[in-house]
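Residues per chain, in single letters:
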Amino acid sequence: MKSLSITGLILLAVSALLFYLTTDFTVGGITISHMMGMMAGVGIGLIIGGMVGYVSKGSALKAEEKRKEFKQLQKDKEELEKQAAEIAQREAQLQQQNQNPQI
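Residues numbered from 1 in each chain as written. Predicted model: local features only at pLDDT ≥ 70, side-chain atom pairs only at ≥ 80, totals over all residues. Heavy atoms only, no water.

### Some thoughts on the environment of serine 15
Which entries qualify depends on this criterion: Put simply, DSSP H or I for four residues or longer makes a helix, DSSP E for two residues or longer makes a strand, and each gets a number counted from the N terminus. Note on exposure labels: buried denotes an accessible area under 20% of the residue type's maximum, exposed denotes more than 50%, and partly exposed covers the range between, all computed with a 1.4 Å probe on protein chains only.
Position of serine 15 relative to the elements: it lies in helix H1 (residues 2-23). On the basis of relative accessibility, which here comes to 38%, the residue serine 15 falls in the partly exposed class. Expressed as a C-alpha distance, the spacing of serine 15 and glycine 41, which sit 26 residues apart in the sequence, is 9.4 Å.

Right, here's the structure in full:
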């Protein structure tokens with residue numbers, strides 16, 4: 001996002017420089033071609049901004065999906081470890097009962 005802002009500021013500075021060189025910032029020097037150029041610049045900026053926003057939102061959604069999946073896998077792992085501990089405990093109890101049978 002920083003690089004996009006820096007690029008926007010550089011392009012704004014270039015456009016201000018070109019505007020200064022062609023009109024000397026006088027109102028009488030502004031022609032219809034300047035207005036068309038500004039509108040075209042805004043349109044291109046909106047198109048590029050929309051594409052960048054779409055891509056960044058898609059990658060953010062994918063990252064969120066991966067985080068959710070990772071949390072679910074961690075929960076599953078904890079449940080399996082608990083089950084394994086319970087099974088080991090039961091086996092140990094069965095072995096003790098088999099070694100010390102009461103008649």
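### Topic: the pattern of salt bridges
In plain terms, the rule: Each reported salt bridge corresponds to a side-chain nitrogen of Lys or Arg within 4 Å of a carboxyl oxygen of Asp or Glu.
Tallying each qualifying case throughout the model produces one salt bridge. Ionic pairing is found between glutamate 64 and arginine 67, a salt bridge with its closest N-O pair at 2.5 Å. Highlighted residues: glutamate 64 and arginine 67, both in helix H2 (residues 32-99), separated by three residues, approximately one helical turn. Classification of glutamate 64 as partly exposed rests on a relative accessible area of 33%. Residue classification places arginine 67 among the partly exposed positions, given a relative accessible area of 46%.

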